[in-house]
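# Topology and contacts: notes
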Amino acid sequence: MPRLSADARHNVRLEINGRAHEAEAEPRMLLTDFLRHRLGLTGTHVGCEHGVCGACTVQIDGAPARACLTLAVQADGASIRTVEGLAPEPGRLSVLQEAFRRHHALQCGFCTAGILMSLDWYLREKPDPSEAELREFLSGHICRCTGYVPIVAAALDAARRLRETGESK
Ligand code: FES
Ligand code: FES
């Protein structure tokens, strides 16, 4: 582990959604702030800032992680996916995003990026989840608007469509 100086800025290099990024960060800067303020990737939201709400969830080296519990310098060299990387091409939503749109699974949208990033991973790991399994998995995310019913419906619908079409996104 490299020694960092608290009053110095350190270079952080990341691959984000397939593109190389590099910027400076203080040792205590959170990955959320690095993504949003240093790189302008504001799709990742910040709610509680202590690992409870799930709004800040991104994928780090293929697995979902709370960006508010990760220091930017810790992620140096990692491959990161954020909500900006979900759509397969400009103007086209992913199967999961499209299911959220169809089922009205978002209202204010504050929680949505984090939920999408978790579900994107989960549906690859478990392509045919039961409703109970989905509800258990989503218990790590707080939504204050939707009541969760449309989110679960969208996730089940997306899972079915991904299985039927064989698409990965
Ligand atoms: S902002 Fe990271 S879990 Fe709430
Ligand atoms: S849509 Fe508003 S918090 Fe989930």
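Here, every reference points to the structure presented above.
This write-up is about the structure you can find in this document. (Residues numbered from 1 in each chain as written. Chains lettered and ligands numbered in written order. Predicted model: local features only at pLDDT ≥ 70, side-chain atom pairs only at ≥ 80, totals over all residues. Heavy atoms only, no water.)

To continue, consider the overall build of the protein. Of the regular secondary structure elements, the protein holds 5 helices and 5 strands. In terms of C-alpha radius of gyration, the protein reaches 16 Å, essentially the compact-globule figure of 15 Å for 169 residues. In the protein, which comprises 169 residues, the proportion classed as buried is 44%. Put simply, 54% of the contacts in the protein that link residues at least 6 apart link residues at least 24 apart. Total accessible area on the protein stands at roughly 8,900 Å², and carbon and sulfur atoms take up 50% of it. The centroid of the 20 positive side-chain charges in the protein is displaced by 3 Å from the centroid of its 21 negative side-chain charges. (Helix = DSSP H or I, 4+ residues; strand = E, 2+ residues; numbered from the N terminus. Rg over C-alpha atoms; globule rule 2.2 N^0.38 Å. Buried < 20%, exposed > 50% of the residue type's maximum accessible area, 1.4 Å probe, protein only. Contact = heavy atoms within 4.5 Å. Areas by Shrake-Rupley, 256 points an atom, 1.4 Å probe, with all protein chains shown as cover. Lys, Arg positive; Asp, Glu negative; His and termini not counted. Charge placed at Lys NZ, Arg CZ, Asp CG, Glu CD.)

With 17 residues, helix 5 (residues 149-165) extends 24 Å from end C-alpha to end C-alpha; this agrees with the ideal 24 Å at 1.5 Å per step. The complete set of buried residues in helix 5 reads Pro150, Ile151, Val152, Ala154, Ala155, Asp157, Ala158, Ala159 and Leu162. Positive backbone phi, at 75°, marks Gly166, one or two positions downstream of helix 5. (Expected span 1.5 Å × (residues − 1).)

Leu96, Phe100, Ile115, Leu119, Leu123 and Ile151 are the most contacted members of the largest nonpolar core, which has 25 residues in total. At the level of secondary structure, the elements contributing two or more residues to this core comprise helix 2 (95-102), helix 3 (112-125), helix 4 (131-138) and helix 5. (Core = buried A, V, L, I, M, F, W, Y, C linked by side-chain atoms within 4.5 Å.)

What follows concerns the sheet that holds strand 3 (residues 57-60). Taken in spatial order, the 5 strands line up as 2-1-5-3-4 in an open sheet, and their pairing is mixed. Edge positions in the sheet fall to strand 2 (19-25) and strand 4 (63-66), since each has one partner strand and no second. Going from strand to strand, the sheet's axes swing by 40° on average, the running direction of each strand aside. In this fold helix 1 (residues 31-38) packs onto strand 1 (10-16), strand 2, strand 3 and strand 5 (79-81), with an angle of close to 105° to the strand it touches most, strand 2. (Pairing = 2+ DSSP bridges. Axes fitted to C-alpha atoms, helices over the stretch in contact; angles between N-to-C directions.)

Attention now goes to the packing of aromatic side chains. Summed over the entire model, instances satisfying the criterion amount to 2 aromatic pairs. Here the aromatic rings of Tyr122 and Phe137 are separated by 4.1 Å at their centres, their planes lie at 10°, and the arrangement is stacked. Linking Tyr122 in helix 3 with Phe137 in helix 4, this pair joins segments that are 15 residues apart in sequence. In this structure Tyr122 comes out as buried when scored by relative accessible area, which is 9%. Phe137 gets classed as partly exposed once you look at its relative accessible area, which sits at 22%. In textbook terms, an aromatic cluster arises when at least three aromatic residues are bridged by ring pairs, as seen for Trp121, Tyr122 and Phe137. (Phe/Tyr/Trp six-rings, centres within 6.5 Å; stacked < 30°, edge-to-face > 60°.)

Relative to the helices and strands, Asp7 resides in the segment before strand 1. Spatially, the C-alpha atoms of Asp7 and Arg28 are 9.7 Å apart, while their sequence positions differ by 21 residues. A polar side-chain atom of Asp7 sits 2.6 Å from a polar atom in the side chain of Ser5. (Polar contact = N/O pair within 3.5 Å; in protein donor to acceptor, adjacent residues only side chain to side chain.)

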